[in-house]
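Per-entry structural report
These are the residues of each chain, in order.
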Amino acid sequence: NVPEDQADKLLLSSWGLPKAVLEKYHSLGVVQMFEWQAECLMLGQVLEGKNLVYSAPTSAGKTLVAELLILKRVLETRKKALLILPFVSVAKEKKYYLQ
């Protein structure tokens, strides 16, 4: 669980993302994360590029964790990222949202 003193970590605006990115997520109705998503981002050195393996049911929000990790790393390191998705329809959807 996310400690009470870090409850603000549930808000997307607490993760140092650019305003344009936050506005896009907000337009899609995503303003905050589930506790388990924030926990994933706060584990060990995940934000510094260490590996993370997590599992959740379909439509639970796994992609949001991956997107936030990728966005933060790309913006902070100015390096490219590769996002592999299982279906063409999902890839087209993510391309549209990430533009």
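Keep in mind that this is a model prediction, so the values were computed, not measured.

**Let's talk about the packing of aromatic side chains**
One pass over the structure, following the stated rule, counts one aromatic pair. Here the aromatic rings of W36 and Y54 are separated by 6.2 Å at their centres, their planes lie at 40 degrees, and the arrangement is tilted. On the criterion of sequence distance, the pair formed by W36 in helix α2 (residues 35-42) and Y54 in the loop between α2 and α3 (62-77) is long-range, its members being 18 residues apart. Positioned above the aromatic ring of W15, the side-chain terminus of K9 is 4.9 Å from the ring centre.

**Describing the layout of surface pockets**
Its boundaries defined by the atoms lining it, the largest pocket holds a volume of some 480 Å³. Along its surface, the largest pocket is lined by 23 residues, and Y25, L28, L64, E67 and Y97 are the ones closest to its centre. If one sorts the elements of the lining of the largest pocket by residue count, helix α4 (residues 88-98) sits on top with five residues. Residues that form the lining of the largest pocket fall into these classes: 13 nonpolar, six polar and four charged. Of the pockets and cavities examined, the second largest pocket occupies roughly 230 Å³. In terms of residue class, the lining of the second largest pocket is built from six nonpolar, three polar and four charged.

The rules behind these values
Residues numbered from 1 in each chain as written. Predicted model: local features only at pLDDT ≥ 70, side-chain atom pairs only at ≥ 80, totals over all residues. Heavy atoms only, no water. Phe/Tyr/Trp six-rings, centres within 6.5 Å; stacked < 30°, edge-to-face > 60°. Helix = DSSP H or I, 4+ residues; strand = E, 2+ residues; numbered from the N terminus. Lys NZ or Arg CZ within 6 Å of the ring centre and 35° of its normal. 1 Å grid on protein atoms, 1.4 Å probe; cavity = no way out; pocket = protein on both sides within 12 Å on 5 of 7 lines; lining within 4 Å. Points joined across faces, edges and corners; volume = space filled by probe spheres on them. Nonpolar A, V, L, I, M, F, W, Y, C, P; charged D, E, K, R; others polar.

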